[in-house]
Amino acid sequence: MKRAIITGIRRIGYHIARSLLTKDWSLGLVYKTSEEVFENLRNEFGQRVVGIKADLAKWEEAQRSVRELVSILGGLDALLHISSPYEPTPLEDLREEHLDFHFRPIAQAFMAMSKEAYPYMLKNTGDIKGRIVTFGDWATNTTPYRNYSAYFLAKGALHTAVKVLAKELAPHILVNAIALGPTLKPPDLPEEKWQDYINRTPLKRPVALEDVVNLTNLLLKVECMTGEIIMLDSGRHVAGECT
Ligand SMILES: NC(=O)c1ccc[n+]([C@@H]2O[C@H](COP(=O)([O-])OP(=O)(O)OC[C@H]3O[C@@H](n4cnc5c(N)ncnc54)[C@H](OP(=O)(O)O)[C@@H]3O)[C@@H](O)[C@H]2O)c1
């Protein structure tokens, strides 16, 4: 039985967790407000899933969550960092706390949790001892949306962290990311605007959850790829600029 920690289980993370639980994995889940999602998975899959409440905006809580979950799981094969706030921050109102609100749980927590996780992974046998996967955004760095500066600064740092950690943790730990395009509509986004996002993808459809789950599963098996950020975005990145 392999063991993974997953952060950010509210929506896409839930589907990934469910898929792994139907396979050969036991999971440690980190939630801030989605305790009910954890309880549902616990009821369905029993003791193969454990959970911990943590605010990943805090470095110490991010590291503590890894330590405590590993002690219950008995080791660690993979870390999947999915947590991410996504709030508009128009430049004229931008404040330091908006930057912290996004940067800390997105990029800082990724560094804190990876730093805490890799020594446990190195205890595993075999040439590949662990895998780290995170979730970026197709629009990061080259085509950010207007009014989302704090989010995109944090995702930019996350994309860089993937490359930094891939180098630092080679040759035994692989670090990769999936940069998603429109997959699940943010609850506050009007339906019309969401349809506009979809229409801008060359494939004219949202990213299928099945694709997200399958690609994540591949990244938990792949042996010869690290430092990669894969665009899973219905082709959105080849369609040109955002507004
Ligand atoms: N949905 C899309 O179409 C889309 C598009 C591009 C990229 N992505 C990326 O794909 C990933 C999943 O997206 P999603 O739509 O499933 O996300 P979501 O529903 O907005 O969920 C965000 C998750 O982040 C967690 N989180 C936020 N701040 C946290 C904090 N301070 N401490 C701990 N956890 C925190 C939340 O935990 P709790 O629920 O426990 O509070 C929640 O599970 C994200 O990285 C997102 O940026 C998604």
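Report on the accompanying structure.

Where like charges cluster on the molecular surface, the positive patch consists of Arg 10, Arg 11, Lys 32, Lys 53 and Lys 58. Take Arg 10: it is sitting in the loop between strand E1 (2-7) and helix H1 (12-21).

Counting 39 residues, the largest nonpolar core has Ile 5, Val 30, Phe 110, Met 113, Ile 132 and Val 175 as the members making the most contacts within it. Looking at this core, the elements with two or more residues in it are strand E3 (49-53), helix H3 (59-73), helix H4 (96-121), helix H5 (149-169) and strand E6 (173-180). Considering each element in turn, this core owes the most residues, 9 residues, to H5. When sequence neighbours within four positions are dropped, the list of residues in contact with Ile 132 reads Leu 79, Phe 110, Ser 114, Met 121, Leu 169, Ile 173, Leu 174, Val 175 and Asn 176. If you look at the next biggest cluster of nonpolar residues, it comprises 34 residues, including Val 133, Phe 135, Leu 180 and Leu 215.

This paragraph deals with the side chain of Glu 116. Tracing the backbone shows Glu 116 in helix H4. The class of Glu 116 is buried, set by a relative accessible area of 15%.

This next bit is on H4. Between its first and last C-alpha atoms H4 spans 35 Å; for 26 residues at 1.5 Å apiece the expected length is 38 Å, and the two agree. Most pronounced at Arg 104, the bend in H4 amounts to some 50°, and the proline Pro 105 follows within four residues.

All right, on to the sheet that holds E3 then. What the 7 strands build is an open sheet, ordered E3-E2-E1-E4-E5-E6-E7; its pairing is parallel. Each of the sheet's edge strands pairs with one partner strand only, and the pair in question is E3 and strand E7 (228-232). With direction set aside, neighbouring strand axes in the sheet form an average angle of 20°. Inspection of the sheet shows strand E2 (residues 25-31) paired to E3 by 5 bridges, in the parallel sense. Across the sheet, residue Tyr 31 finds its bridge partner in E3, namely Lys 53. Against the sheet, H3 makes contact with E1, E2 and E3, and its axis sits at roughly 155° relative to E3, the strand it touches most.

Neither face of strand E4 (residues 78-81) is open: one carries Ala 78 and Leu 80, the other Leu 79 and His 81, and all of them are buried. Across 4 bridges, E1 lies against E4 in parallel orientation. Each residue of the ladder has a partner; that of Ile 6, found in E4, is Leu 80. Here 4 bridges tie E4 to strand E5 (residues 130-137), and the two strands are oriented parallel to one another. Paired with Ala 78 across the strands is Arg 131, a residue of E5. For the crossover from E4 across H4 to E5, the handedness is right-handed.

So, on to unusual backbone geometry. With omega at 5°, the peptide bond leading from Ala 170 into Pro 171 counts as cis. Here Pro 171 lies in the loop between H5 and E6. Although it is not a glycine, Asn 141 sits at a positive phi angle of roughly 75°. Looking at the element boundaries, Asn 141 is found in the loop between E5 and H5. Given the relative accessible area of 57%, Asn 141 is considered exposed. You will see that Asn 147, though not glycine, has its phi angle at about 75°, which is positive. In this structure, Asn 147 sits in the loop between E5 and H5. Look at Asn 147 and you get partly exposed, because its relative accessible area is 39%.

How each quantity is defined
- Residues numbered from 1 in each chain as written.
- Predicted model: local features only at pLDDT ≥ 70, side-chain atom pairs only at ≥ 80, totals over all residues.
- Heavy atoms only, no water.
- Patch = residues over 30% accessible without salt bridge, like charges linked within 9 Å, V, L, I, M, F, W, Y side chains within 5 Å.
- Areas by Shrake-Rupley, 256 points an atom, 1.4 Å probe, with all protein chains shown as cover.
- Salt bridge = Lys/Arg side-chain N within 4 Å of Asp/Glu carboxyl O.
- Lys, Arg positive; Asp, Glu negative; His and termini not counted.
- Charge placed at Lys NZ, Arg CZ, Asp CG, Glu CD.
- Helix = DSSP H or I, 4+ residues; strand = E, 2+ residues; numbered from the N terminus.
- Core = buried A, V, L, I, M, F, W, Y, C linked by side-chain atoms within 4.5 Å.
- Buried < 20%, exposed > 50% of the residue type's maximum accessible area, 1.4 Å probe, protein only.
- Contact = heavy atoms within 4.5 Å.
- Expected span 1.5 Å × (residues − 1).
- Bend = angle between axes of the 7 residues up to and from the residue.
- Pairing = 2+ DSSP bridges.
- Axes fitted to C-alpha atoms, helices over the stretch in contact; angles between N-to-C directions.
- Right-handed = clockwise from strand over helix to strand, strands pointing away.

From the geometry alone we can't say anything about function, so treat these as descriptive.
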